[in-house]
Amino acid sequence: MVLKIFFPQCCNRAESGLLVGRWISGHDSAVVLAVIHYPFIPGQVKQYIQQMQAQSGVGLTVLGSWSLPKEGQESMESFLRDLSTIFPQQRWLQVSRQMGKMGFICEVVNRNQNGQETQQEAKKQNDDDEEEEKVIFVHYEQRKVMLSQLHPTESGDPDLDTEPPSELKQVFQTVARSQPLFFLDRYDDGPLKSTHWQSEGREASIIVELLKQASVPLCVLISWLLALWTWLCSIRIFSLYPLRFLSSKLSTCVQISYRTEHMRTLSSPKPAIEHKQFMRKGNILVSFLVDVGLGVLLMSWLYRDDHIATLANMLMPAADHVAKELEELLQWLMGAPAGLKMNRALDQVLGRFFLYHIHLWISYIHLMSPFIEGILWYGGLSACLGLTFALSLLSDMVALLTFHIYCFYVYGARLYCLKIYGLSSLWRLFRGKKWNVLRQRVDSCSYDVDQLFIGTLLFTILLFLLPTTALYYLVFTLLRLVVVLFQGILHLSVDFINSFPLFAMGLRLFRPYRLAEGVKFQVLCEEPGTALHLLMEINPLKCSTVVQLYRTPTYSCYPRDSWAALVKKLFVGELIYPWRHKSTKVD
C-alpha cells in the first residue's frame, strides 16, 4: 500500500512539534495543515483542535509528530513518539528531517485491536524483505490551494451530487475550509505556537473589512432606490398594451431591465456562499464599473469641442442623401431594372406608393431638425449610466431614423408572402389536395370544374405578378439586412459588455491558481533512505472554459434561428426581425 501525505511547503523548516491535519475518508492519504511547536500542554492542544473543528466543520486531528533538530540540540524523536499514547490514533505519523537533507523520513506506527504498536519505516528495502507501507510526500503551496477552486464545481444540489468527491477535491476542500486554523499568528502571545501559511501583514485585511462595512449602507441605499423604481414601473399606466409593447421592443428599456436585475443581485443582503454566486457577483460588479467608466469617457468626448453640434449638423445631410438615393432606386425599379420586363401597372403602383412614403419621411425629418441637437445633447447624458445605455439608445435612434426602410420591407415582405402562400395553395388545388387546418396536414379533396377554372385564373395572375413583387421584396430586404446588421453589431457590443466575465478573466490572467482545472506533479526529491517527494502544481482553466463557465446569461446567450431557418424565412417572405414569432402554419 502507498500512503500519500500532502505536506505544506511552509512547514518544511518548521520547529519540532505536532502535525495537525485530517485523514481523507475513503482514501489512504492525509493532509497536513499546521505544526504546533513544543512546548505545549496536551490538554490545550485538544481544546484548540475542538474549537477549530467547531468553526471550520473539518474533522481535524493530530496526525503525528514532526522532528527537525537544530544544531547542538538533542533529538526529540523518543519524546514525540511517546505522544502517540496521549493522542491515541490508529495511525501515528512520525516524520523527521535531518539537517542538510531535503528528504523526510516517515515512520508509521499502527495500533492493532489489542493496543499493541507496530512500527514501519518508509524507505527502500531489499526485495527479500516483507511488504511494507510506502509513503509519498506531496508538497503543496498552502495559500494557492486555500484560495483555489477546483473545477468542475459542485452543483449545490445534493440530489445531483451522487458521486463521492475525489481525493484531490477533498484535499482542496479541507485546506479551503480550514481558514480559521490559519488565524493563529506566530506573533500572538498565546499558549500555542504553530507554523502554517499566514499573511505577511494585516493592513490589506483591515482595508477589506472597512470596505465591507462601508458597503452595507450603500447596499441599503441601492435596495431602496430599486424598490422605488419597481413601484414606479408597476403603475397601472405603464402596464397598458402600447407602453408595454414599446418597452419590450426598445433596446434602452431592455437594457434598463437587465441593469436593474444586476443591481438587485449586487445589493442582495445574502452573502455569496457558493463559488458560482461569488463569481457571478464579481463579474456583474466589474462589468458595471467598466461599463460606467467607458460611458464617462464617451460623454467627456461628446461634450468636449462641441462634438454634439457637429454630429447634429452631419445628421440632416446624411438623411437627405439616403432619401435621395432611395428615390433614385425607386425610379430605377419603375423603369426596366437590369433589362427585365416588369408588369407596368403593378410597377407604377408600387413605385408611387413607396415614393409617397419617402416624401412623408423627408417632411418628418425636416420638421424634427430644430430639435435634433437637443435630443443628442440630452441623449448623451445617458452615457453616464454606462456605455451600454448609450449604444442601446443609438440602436433605438437608428431604428427610428430607418423606420421608412422597415415599412418598405414589411410591405414588400407581406405582399410577397401572400403570393407565395397563394401559389402554394393553388398548386395543391391542381393536385386534388387541400390543407386541413384542424389536423394540421394535407388531405385529399375533390373539386368541381368551376373551382378548377377559378383556381387556374388566380394561379396565372399570381404567377405573372410574382417577378415584379419579388424584385421589390429583394431590394428592400437587402436594405433591411444592412440596417439589421448595424443594429446587430450594436447589440453584440452591449451583450459583450453585459455578459463577458471580466472578473473571472482577470483572475485567470493575474492569479491563475484561483481557477484550477487540475494539478500536475513533478519529482522534487528522491534521496536514498527517504520517501519520494512530489511537488503539486495547479493547472489553471483555459480562457475559453472560463468564458463558457462564468459568462453572465443575457438575452443573446440563448440559441436563435439557424442559418437554414433564416434562409427559409427569406425565401417564403416571413419577417426576419418580426414583432412576434409565428408558431402555426398559415395557409
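Note that the coordinates shown come from a computational prediction; the quantities given were computed from them, not determined experimentally.

1. Some thoughts on the overall build of the protein chain
Alright, step 1. A count of helices and strands for the protein chain gives 16 helices and 14 strands.
Alright, step 2. Per-residue burial for the protein chain yields a buried fraction of 39% across its 587 residues.
Alright, step 3. Within the protein chain, contacts between residues at least 6 apart in sequence are counted, and of these 71% link residues at least 24 apart.

2. Regarding the side chain of aspartate 347
Alright, step 1. By secondary structure assignment, the location of aspartate 347 is in helix 10 (residues 344–380).
Alright, step 2. In this structure aspartate 347 is buried but unpaired, with arginine 344 as the nearest side chain of opposite charge at 5.4 Å.
Alright, step 3. Aside from chain neighbours lying at most four places away, what touches aspartate 347 is Leu333, Met334, Gly335, Met342, Thr468 and Tyr472.

3. Quick word on the state of the cysteines
A disulfide bridge is the covalent bond that connects two cysteines by way of their sulfur atoms.
Alright, step 1. Under the criterion given, the structure shown has zero disulfides.
Alright, step 2. Of all cysteine sulfurs, the one in cysteine 11 lies closest to cysteine 10, which takes part in no disulfide; the gap is 4.0 Å.

4. As for the packing of helix 12 (residues 403–430) against helix 13 (residues 449–499)
Alright, step 1. Contact geometry for helix 12 and helix 13: axes closest at 7 Å, N-to-C directions at 150 degrees. Viewed along their axes, helix 12 and helix 13 adopt a mutual orientation that is roughly antiparallel. Between helix 12 and helix 13 lies a crossing of left-handed hand.
Alright, step 2. For the contact of helix 12 with helix 13, the residue count by class is 25 nonpolar, seven polar and two charged.

5. A short note on the pattern of salt bridges
Alright, step 1. Evaluated as defined, the whole model comprises eight salt bridges.
Alright, step 2. Between aspartate 28 and arginine 91 there is a salt bridge, with its nearest N and O atoms 2.4 Å apart. Of this pair, aspartate 28 sits in the loop between strand 2 (17–23) and strand 3 (29–37) while arginine 91 sits in strand 5 (residues 91–96), and the two are 63 residues apart along the sequence.
Alright, step 3. As a salt-bridge pair, aspartate 495 and arginine 551 come within 2.7 Å of each other at their nearest N and O atoms. Within this pair, whereas aspartate 495 is found in helix 13, its partner arginine 551 is found in the loop between helix 15 (543–550) and helix 16 (563–572), the two being separated by 56 residues in sequence.
Alright, step 4. Relative accessible area serves as the criterion here: at 36%, arginine 551 is assigned to the partly exposed category.

6. Regarding unusual backbone geometry
Alright, step 1. The phi angle at aspartate 305 is positive, at roughly 60 degrees, despite the residue not being glycine.
Alright, step 2. Within the secondary structure, aspartate 305 is located in the loop between helix 8 (275–302) and helix 9 (307–334).
Alright, step 3. Aspartate 305 gets classed as exposed once you look at its relative accessible area, which sits at 61%.
Alright, step 4. In this model, aspartate 306 sits at a positive phi of 55 degrees, which is unusual for a non-glycine residue.

7. Concerning the side chain of histidine 139
Alright, step 1. Mapped onto the secondary structure, histidine 139 falls in strand 8 (residues 134–140).
Alright, step 2. A relative accessible area of 2% means that histidine 139 is categorised as buried.
Alright, step 3. Looking at histidine 139, its side chain comes within polar contact range of the side chain of asparagine 12, at 3.4 Å.
Alright, step 4. Once you skip the residues sitting within four places of it in the chain, histidine 139 turns out to touch Phe7, Gln9, Asn12, Phe104, Leu524, His533, Leu534, Leu535 and Met536.

8. Quick notes on a nonpolar patch on the surface
Alright, step 1. Taken together, the side chains of Leu218, Leu221, Trp224, Leu225, Leu228, Trp229, Trp231, Leu232 and Ile235 present a nonpolar region at the surface, about 890 Å² in accessible area.
Alright, step 2. Along the chain, the position of leucine 221 falls in helix 5 (residues 203–233).
Alright, step 3. Assessed through its relative accessible area of 45%, leucine 221 is described here as partly exposed.

9. Regarding the packing of aromatic side chains
Alright, step 1. Scanning all chains against the criterion turns up 20 aromatic pairs.
Alright, step 2. Aromatic pair tyrosine 303 and tryptophan 377: ring centres 5.4 Å apart, planes at 85 degrees, arrangement edge-to-face. Within this pair, whereas tyrosine 303 is found in the loop between helix 8 and helix 9, its partner tryptophan 377 is found in helix 10, the two being separated by 74 residues in sequence.
Alright, step 3. Taking relative accessible area as the criterion, tyrosine 303 reaches 30% and is therefore assigned partly exposed.
Alright, step 4. Ring geometry for phenylalanine 354 against tyrosine 411: centres 6.4 Å apart, planes inclined by 20 degrees, an arrangement best described as stacked.

10. Section: the nonpolar core
Alright, step 1. Core analysis: the largest hydrophobic core is formed by 38 residues, its most contacted members being Leu18, Val31, Val45 and Tyr140.
Alright, step 2. Looking at this core, the elements that each hand over two or more residues are strand 2, strand 3, helix 1 (42–56), strand 8, helix 3 (142–147), helix 4 (167–177), strand 13 (515–525) and strand 14 (532–540).
Alright, step 3. Excluding residues within four positions of it along the chain, valine 45 makes contact with Leu18, Ile36, Phe40, Val62, Phe87 and Leu192.
Alright, step 4. Membership of the second largest hydrophobic core comes to 20 residues, among which are Ala14, Leu63, Leu93 and Cys106.

11. Regarding the packing of helix 10 against helix 13
Alright, step 1. Following both chains from N to C, one finds helix 10 and helix 13 inclined at 25 degrees, their axes separated by 10 Å at the closest point. Relative to helix 13, the element helix 10 is oriented roughly parallel. The handedness of the crossing between helix 10 and helix 13 is right-handed. Residues Leu346, Asp347, Leu350, Gly351 and Phe354 of helix 10 lie in contact with helix 13, whose contacting residues are Leu465, Thr468, Thr469, Tyr472 and Phe476.
Alright, step 2. Each residue belonging to the contact of helix 10 with helix 13 can be placed in one class, and the counts come to six nonpolar, three polar and one charged.

12. Some thoughts on the pairing of strand 5
Alright, step 1. The buried fraction of strand 5 amounts to five of the six residues, a majority that puts the element mostly inside the structure.
Alright, step 2. In the sheet, strand 4 (residues 61–67) pairs with strand 5 via four bridges, with the strands oriented parallel. What sits directly across from tryptophan 66, in strand 5, is valine 95.

13. Things to note about the pairing of strand 11 (residues 433–436)
Consecutive side chains along a regular strand alternate between the two faces of the sheet.
Alright, step 1. Examined bridge by bridge, strand 11 and strand 12 (residues 441–444) share four bridges and lie antiparallel to one another. Within the sheet, the bridge partner assigned to lysine 434 lies in strand 12 and is aspartate 443.
Alright, step 2. The hairpin turn running from strand 11 into strand 12, its antiparallel successor, is four residues long, and glutamine 440 in that turn takes a positive phi close to 55 degrees.

14. Details of the UniProt feature "transmembrane region" (unreviewed entry) in the protein chain
Alright, step 1. On the UniProt side, "transmembrane region" (unreviewed entry) is annotated at positions that read residues 221–241, 284–303, 375–402, 408–430, 451–475 and 481–504 here.
Alright, step 2. End C-alpha to end C-alpha, residues 408–430 measures 33 Å, and it is 100% helix and 0% strand.
Alright, step 3. Secondary structure across residues 451–475 comprises 100% helix and 0% strand; the distance between its end C-alpha atoms is 35 Å.

15. Notes on the confidence of the model for the protein chain
Alright, step 1. Looking at the protein chain, the pLDDT average stands at 80 and 85% of residues meet or exceed 70.
Alright, step 2. Across the protein chain, the element-wise mean pLDDT spans from 51 in strand 7 (residues 117–121) up to 91 in helix 14 (residues 502–510).
Alright, step 3. Here residues 120–131 scores under 50 on pLDDT; set against residues more than four positions off or in separate chains, the count is 19 contacts.
Alright, step 4. Long-range and interchain partners of residues 578–587, a stretch whose pLDDT sits below 50, account for 11 contacts in this model, where long-range means more than four residues apart.

Cut-offs used in this document
Residues numbered from 1 in each chain as written. Predicted model: local features only at pLDDT ≥ 70, side-chain atom pairs only at ≥ 80, totals over all residues. Heavy atoms only, no water. Helix = DSSP H or I, 4+ residues; strand = E, 2+ residues; numbered from the N terminus. Buried < 20%, exposed > 50% of the residue type's maximum accessible area, 1.4 Å probe, protein only. Contact = heavy atoms within 4.5 Å. Lys, Arg positive; Asp, Glu negative; His and termini not counted. Salt bridge = Lys/Arg side-chain N within 4 Å of Asp/Glu carboxyl O. Disulfide = S-S within 2.5 Å. Axes fitted to C-alpha atoms, helices over the stretch in contact; angles between N-to-C directions. Parallel < 35°, antiparallel > 145°, perpendicular 65-115°, else oblique. Left-handed = near helix turned anticlockwise from the far one by under 90°. Nonpolar A, V, L, I, M, F, W, Y, C, P; charged D, E, K, R; others polar. Polar contact = N/O pair within 3.5 Å; in protein donor to acceptor, adjacent residues only side chain to side chain. Patch = residues over 30% accessible without salt bridge, like charges linked within 9 Å, V, L, I, M, F, W, Y side chains within 5 Å. Areas by Shrake-Rupley, 256 points an atom, 1.4 Å probe, with all protein chains shown as cover. Phe/Tyr/Trp six-rings, centres within 6.5 Å; stacked < 30°, edge-to-face > 60°. Core = buried A, V, L, I, M, F, W, Y, C linked by side-chain atoms within 4.5 Å. Pairing = 2+ DSSP bridges. UniProt positions renumbered as here; feature names shortened; annotations may be inferred. pLDDT = per-residue confidence, 0-100.

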